[in-house]
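Structural overview
Here is how the chains run, residue by residue.
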Amino acid sequence: RIEREEHEQSITAVAWSQDGRVVATGAADNTVKLWNASNGDLIHTFKAVRSAVSALAFSPDGQFLAAAAVDLSIRVFSLRRGTLEKMMFGHTKPIEALAFHPNGWLFASCGRDGSVKLWNADRGLGQLHIDASTMPLLTVQFSPDGRYLASGGLDKIIRVWELNVKDDEPEA
């Protein structure tokens, strides 16, 4: 069992890297921390977040970490360089969940504004906006093969879209 108290305020998001070696935590102290999963050592702290972190997701190859914050931003960090690479805005209410597509460059977000958004992590651009619900959405996830995207929220409805992800443009 490993326990660490490094954040100054509540931990609000946790994500594991695909290989299980790194755990990321986001907190109300506006930081994202990377931890060695085997021994609990702190690897790196990102302080580029301007408000509490609401969601985290690793890219499948472990090279990037997306972090959503209460200020409605999504930041993509390079784990290799330890730097902020991209910052994106598009939601009008807090973001609840993030998920990377298996291709590694596409990721989804959903939030309390009832929308699902697809983003290009490489370019830092919004790719597709879906007004999915009039109620807040709380979770979003790609199928393992990347053909489908599912979301769910307070309206108790699961929505599944078949995606056509081309080289750089998704379609739902």
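Higher on the page you've got the structure.
How each quantity is defined
- Residues numbered from 1 in each chain as written.
- Predicted model: local features only at pLDDT ≥ 70, side-chain atom pairs only at ≥ 80, totals over all residues.
- Heavy atoms only, no water.
- Core = buried A, V, L, I, M, F, W, Y, C linked by side-chain atoms within 4.5 Å.
- Buried < 20%, exposed > 50% of the residue type's maximum accessible area, 1.4 Å probe, protein only.
- Helix = DSSP H or I, 4+ residues; strand = E, 2+ residues; numbered from the N terminus.
- Contact = heavy atoms within 4.5 Å.
- Pairing = 2+ DSSP bridges.
- Axes fitted to C-alpha atoms, helices over the stretch in contact; angles between N-to-C directions.
- Phe/Tyr/Trp six-rings, centres within 6.5 Å; stacked < 30°, edge-to-face > 60°.
- Salt bridge = Lys/Arg side-chain N within 4 Å of Asp/Glu carboxyl O.

**Things to note about the nonpolar core**
- Membership of the largest hydrophobic core comes to 16 residues, with the highest contact counts inside it found for Val116, Leu118, Val140, Phe142 and Leu149.
- Secondary-structure elements contributing two or more residues to this core are strand 9 (95-100), strand 10 (106-111), strand 11 (115-120) and strand 13 (137-142).
- If near-sequence neighbours (up to four positions away) are discounted, Val116 is found in contact with Ser109, Cys110, Leu128, His129, Ile130, Ala132, Leu137, Val140, Leu149, Ser151 and Trp161.
- Grouped together as the second largest cluster of nonpolar side chains are 15 residues, Val32, Val53, Leu65 and Ala67 included.

**Overview of the pairing of strand 8 (residues 83-89)**
- Two strands pair when backbone bridges link them, and strand 7 (residues 73-78) and strand 8 are joined in this way by 6 bridges, in the antiparallel orientation. Bridge pairing in strand 8 links Ser78 to Thr83.
- Connecting the antiparallel pair strand 7 and strand 8 is a turn made up of 4 residues, with Gly82 showing a positive phi of about 70 degrees.

**Section: the sheet that holds strand 8**
- Read from one edge of the open sheet, 4 strands run 5-6-7-8, paired in antiparallel fashion. Unpaired on one side and paired on the other, strand 5 (53-58) and strand 8 mark the two borders of the sheet. With strand direction ignored, the average angle separating the axes of adjacent strands in the sheet is 20 degrees.

**A few points about the packing of aromatic side chains**
- Taken as a whole, this structure holds 3 aromatic pairs when the rule is applied.
- Ring centres of Phe100 and Phe107 lie 5.2 Å apart, and the angle between their planes is 40 degrees; on these two criteria the pair is classed as tilted.
- Ring centres 6.4 Å apart and planes at 20 degrees place the aromatic pair Phe107 and Trp119 in the stacked group. Of this pair, Phe107 sits in strand 10 while Trp119 sits in strand 11, and the two are 12 residues apart along the sequence. The exposure classification of Phe107 matches that of Trp119, with both residues buried.
- Counting every residue linked through ring pairs, the aromatic cluster contains Phe100, Phe107 and Trp119.

**Overview of the pattern of salt bridges**
- One pass over the full model with this rule turns up 6 salt bridges.
- Its salt-bridge partner being Asp19, residue Arg21 comes within 4.0 Å of it at the nearest N-O pair. Like Asp19, Arg21 is exposed.
- Residue Glu162 pairs with Arg147 through a salt bridge whose shortest N-O separation is 2.8 Å. Of this pair, Glu162 sits in strand 15 (residues 159-162) while Arg147 sits in the loop between strand 13 and strand 14 (148-153), and the two are 15 residues apart along the sequence.
- Glu162 gets classed as partly exposed once you look at its relative accessible area, which sits at 46%.

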